[in-house]
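So you can see what is in the structure, the chains are spelled out below.
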Amino acid sequence: MTQTAIVTGAAGGIGEAVARRLAAGGADCVLVDRNPLVEEVAAAVGGVAVVGDLTDPQVMVRAVEAAGGRLDLLVLNAGVNSADKDPATLDLDRYQAVVGVNQHSVVYGLRAALPLMRAEGGGSIVAVASLAALHGVPQDPVYTMTKHAVIGLVRALSPALAAENIRFSAVCPGLVDTPLTAGARERFQAAGIPMLDPDDVAAAVETTLRTAEAGTELVIRPGRPPARYIAAPLPDEPRTESRG
Ligand code: NAD
């Protein structure tokens, strides 16, 4: 049977690459983004576009409706950086917008999608987190906080969802060459800092969606083999790691 997928943040970057891969693999895709360019990407992959701001919980409700009664794969990818380093001078509107998409929209996506996956008896969900989910990035503390929250959600929810045949995992990329990082691309190149190609991340997302054990945290960095972790429910239990 044809699989149905929803990909958030699919107008460009990693989300577009994921949608192209899933569609090429035969999935019917719903592409969600606030950028109307998502309609062009959806047309190119034979999918359906939902244009809206994911900080509004109703947008993921609309996306699930657009999936047409079946949902196998969900990729919670939309996210933004924050420009503010110092909480004392935080721009509150920008702060709430960053937390709204990076953190709240992941919960809104689960809230909208889980009833359908439960009704079908299973599904697979990947959140696109970041290396910033696993260590502190001094250049962007708010982004770091939101990505830690995403990993926390995967760790907390994945065991119970796995018991319902719903796998919930995260992909944690290092720097990726996308519109998000375009402003700093030349600086990274000049400093010899390598970046991942969005399609490399998309391939990792697809593999994680299709085969990874529930609760996987897949870390991918340029020029290094991927590292796969499974979250431990208690901090005093060792985390398991396997490479490859
Ligand atoms: P991108 O800016 O190229 O794409 C993100 C997409 O999300 C855009 O199309 C944007 O319009 C959409 N989006 C942002 N806020 C939205 C909102 N409120 N409502 C609806 N759509 C919204 O970025 P990317 O690099 O492809 O990033 C995708 C994900 O990967 C993000 O969660 C990001 O944090 C994560 N990530 C990126 C990098 C990197 O170096 N680029 C590294 C690690 C993790």
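A quick note: this is a predicted structure, and the numbers were derived from the prediction, not measured.

### Some points on the packing of helix H4 (residues 92-120) against helix H5 (residues 141-162)
Then, number 1: The geometry of H4 relative to H5 is characterised by a closest axis approach of 9 Å and an angle of 15° between their N-to-C directions. The orientation of H4 with respect to H5, classified from their angle, is roughly parallel. H5 is crossed by H4, and the crossing has right-handed handedness. Here Tyr95, Val98, Val99, Asn102, Gln103, Val106, Val107, Leu110, Leu114 and Arg118 of H4 lie close against H5, whose contacting residues are Val142, Tyr143, Met145, Thr146, Lys147, Ala149, Val150, Leu153, Leu157 and Leu161.
Then, number 2: Here the residues of the contact of H4 with H5 sort into 15 nonpolar, three polar and two charged.

### Some remarks on helix H7 (residues 198-211)
Then, number 1: Helix length check: H7, at 14 residues, gives a terminal C-alpha distance of 20 Å against a target of 20 Å (1.5 Å per residue), a fit within 8%.
Then, number 2: Along H7, the residues classified as buried are Pro198, Val201, Ala202, Ala204, Val205, Glu206, Thr208 and Leu209.
Then, number 3: Elements in contact with the buried residues of H7: helix H1 (13-24), strand E4 (73-76), strand E5 (123-128), strand E6 (166-173) and strand E7 (216-220).
Then, number 4: Its side-chain oxygen 2.8 Å from the backbone nitrogen of aspartate 199, aspartate 197 forms the N-cap of H7.

### Some thoughts on the site of the ligand
Then, number 1: Taken together, the neighbourhood of the ligand is formed by 29 residues, with Asp33, Asn77, Tyr143, Val176 and Thr178 sitting nearest.
Then, number 2: At 2.6 Å from an oxygen atom of the ligand is found a side-chain nitrogen or oxygen belonging to aspartate 33.
Then, number 3: Interatomic distance of 2.8 Å between a side-chain N/O atom of lysine 147 and an oxygen atom of the ligand.
Then, number 4: Here the ligand has 820 Å² of accessible area as a free molecule, and 93% of this is covered by the chains.
Then, number 5: Mapped onto the shell around the ligand, the elements with two or more residues apiece are H1 and H5.

### Quick word on unusual backbone geometry
Then, number 1: Notably, asparagine 165 is not glycine yet its phi reads approximately 65°, a positive angle.
Then, number 2: Note that asparagine 165 resides in the loop between H5 and E6.

### A look at the packing of aromatic side chains
Then, number 1: Tallying each qualifying case throughout the model produces zero aromatic pairs.
Then, number 2: Lying across the ring of phenylalanine 188, arginine 187 places its NZ or CZ 5.1 Å from the centre.

### Quick word on H5
Then, number 1: With 22 residues, H5 should cover 32 Å at 1.5 Å per step; its first-to-last C-alpha distance of 31 Å lies within 8% of that length.
Then, number 2: The sharpest bend along H5 comes to roughly 30°, located at alanine 156, with the proline proline 159 sitting one to four residues further on.
Then, number 3: Lining the buried residues of H5 we find H4, E5, E6 and E7.

### Overview of the side chain of threonine 146
Then, number 1: Tracing the backbone through its elements, the reader meets threonine 146 in helix H5.
Then, number 2: Polar side-chain contacts of threonine 146 include one of 3.1 Å to the side chain of asparagine 102.
Then, number 3: Filtering out sequence-adjacent residues up to four positions away, threonine 146 remains in contact with Val98, Val99, Asn102 and Gln103.

### Observations regarding the pairing of E6
Then, number 1: Most of E6 sits inside the fold, with seven of its eight residues counted as buried.
Then, number 2: Here E5 runs beside E6; their pairing, made up of six bridges, is parallel. Pairing of valine 128 across the sheet is with valine 171, part of E6.
Then, number 3: Once the chain exits E5 it traverses H5 before rejoining the sheet at E6, and the crossover so formed is right-handed.
Then, number 4: Judged from the four bridges that link them, E6 and E7 form a sheet pairing that is parallel. If you follow valine 171 over to E7, its bridge partner there is leucine 218.

### Re the nonpolar core
Then, number 1: With 41 residues, the main nonpolar core has Ile6, Val32, Met60, Leu74 and Ile125 as its most contacted residues.
Then, number 2: A total of ten residues in this core trace back to one element, the largest contributor, which is H4.
Then, number 3: Sequence-distant contacts of isoleucine 125, defined by excluding residues within four places in its chain, comprise Leu74, Leu76, Leu110, Leu114, Met117, Ile166, Arg167, Phe168, Ser169 and Leu209.
Then, number 4: Among the nonpolar cores identified, the runner-up in size contains 31 residues, and Val18, Ala23, Leu31 and Ile220 belong to it.

Conventions and cut-offs
- Residues numbered from 1 in each chain as written.
- Predicted model: local features only at pLDDT ≥ 70, side-chain atom pairs only at ≥ 80, totals over all residues.
- Heavy atoms only, no water.
- Axes fitted to C-alpha atoms, helices over the stretch in contact; angles between N-to-C directions.
- Helix = DSSP H or I, 4+ residues; strand = E, 2+ residues; numbered from the N terminus.
- Parallel < 35°, antiparallel > 145°, perpendicular 65-115°, else oblique.
- Left-handed = near helix turned anticlockwise from the far one by under 90°.
- Contact = heavy atoms within 4.5 Å.
- Nonpolar A, V, L, I, M, F, W, Y, C, P; charged D, E, K, R; others polar.
- Expected span 1.5 Å × (residues − 1).
- Buried < 20%, exposed > 50% of the residue type's maximum accessible area, 1.4 Å probe, protein only.
- Polar contact = N/O pair within 3.5 Å; in protein donor to acceptor, adjacent residues only side chain to side chain.
- Near = heavy atom within 4 Å.
- Areas by Shrake-Rupley, 256 points an atom, 1.4 Å probe, with all protein chains shown as cover.
- Phe/Tyr/Trp six-rings, centres within 6.5 Å; stacked < 30°, edge-to-face > 60°.
- Lys NZ or Arg CZ within 6 Å of the ring centre and 35° of its normal.
- Bend = angle between axes of the 7 residues up to and from the residue.
- Pairing = 2+ DSSP bridges.
- Right-handed = clockwise from strand over helix to strand, strands pointing away.
- Core = buried A, V, L, I, M, F, W, Y, C linked by side-chain atoms within 4.5 Å.

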